[in-house]
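# Observations on the model geometry
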Amino acid sequence: MLASAVAIAAAAEEKPFTAQAFQAAQDQGKSILIEIHASWCPICQAQKPILSKLFAAPQFKNLAVFRVDFDSQKAEVRRFNARIQSTLITFNGTEEIARSVGDTNPDSIADLLRLAL
C-alpha cells in the first residue's frame, strides 16, 4: 500500500483550470500542460489513458497539468485560442512552447510534453 501511495505522489497531477493556479505555475517557471477537454469528445477519451500513463512517468512528475472544460469554461478556451476540444498546449513558465489538436499518438504526445521540460 505504501508503494502505491509513493507512486501516486510521484505522478503529475491533473487539476481543473483556474486562472490563479495557472498564473502561480507560470510565476514559478513550471512546465505546464493545458488540456482542452470535453466529456463527450471521443478523441479526448482516447487521449485520457495516454496522458494518465505519461503523467505517471518520472520525467513528467513535475508537470503542472490543468484541464479546461470546453463546454463550461468558454472564456478560458478563448484565452488559449483553442478552436476545438482535444487541444493540448504546453508552456514553460509564461512562454507557450507547442500545441497539438486531435492527437492520439502516444509518442507524439510524449514529445509534446517533453518540449515543455
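Let me begin by describing the structure that accompanies this report. Remember, predicted model here, so these are calculated numbers, not experimental data. (Residues numbered from 1 in each chain as written. Predicted model: local features only at pLDDT ≥ 70, side-chain atom pairs only at ≥ 80, totals over all residues. Heavy atoms only, no water.)

For the structure on display, the rule yields 8 aromatic pairs. Ring centres of F17 and F66 lie 6.3 Å apart, and the angle between their planes is 85 degrees; this geometry places the pair in the edge-to-face category. Note that F17 is positioned in the loop between strand 1 (14–16) and helix 2 (19–27) and F66 in strand 3 (residues 64–69), a separation of 49 residues in sequence. Taking the relative accessible area as the measure of exposure, F17 reaches 4% and is therefore buried. (Phe/Tyr/Trp six-rings, centres within 6.5 Å; stacked < 30°, edge-to-face > 60°. Helix = DSSP H or I, 4+ residues; strand = E, 2+ residues; numbered from the N terminus. Buried < 20%, exposed > 50% of the residue type's maximum accessible area, 1.4 Å probe, protein only.)

Now for the sheet that holds strand 3. Pairing within the open sheet is mixed, and its 5 strands lie in the order 1-3-2-4-5. The open sheet has two free edges, formed respectively by strand 1 and strand 5 (95–101), since each of these has just one partner strand. Averaged over all pairs of adjacent strands, the angle between strand axes in this sheet comes to 25 degrees, irrespective of strand direction. Across 3 bridges, strand 1 lies against strand 3 in parallel orientation. Paired with P16 across the two strands is R67, which belongs to strand 3. The sheet strands contacting helix 3 (residues 42–55) are strand 1, strand 2 (31–37), strand 3 and strand 4 (87–92), and the helix crosses strand 2 at an angle near 160 degrees. Docked against the sheet, helix 5 (residues 106–115) engages strand 2, strand 4 and strand 5, running at close to 170 degrees with respect to strand 5. (Pairing = 2+ DSSP bridges. Axes fitted to C-alpha atoms, helices over the stretch in contact; angles between N-to-C directions. Contact = heavy atoms within 4.5 Å.)

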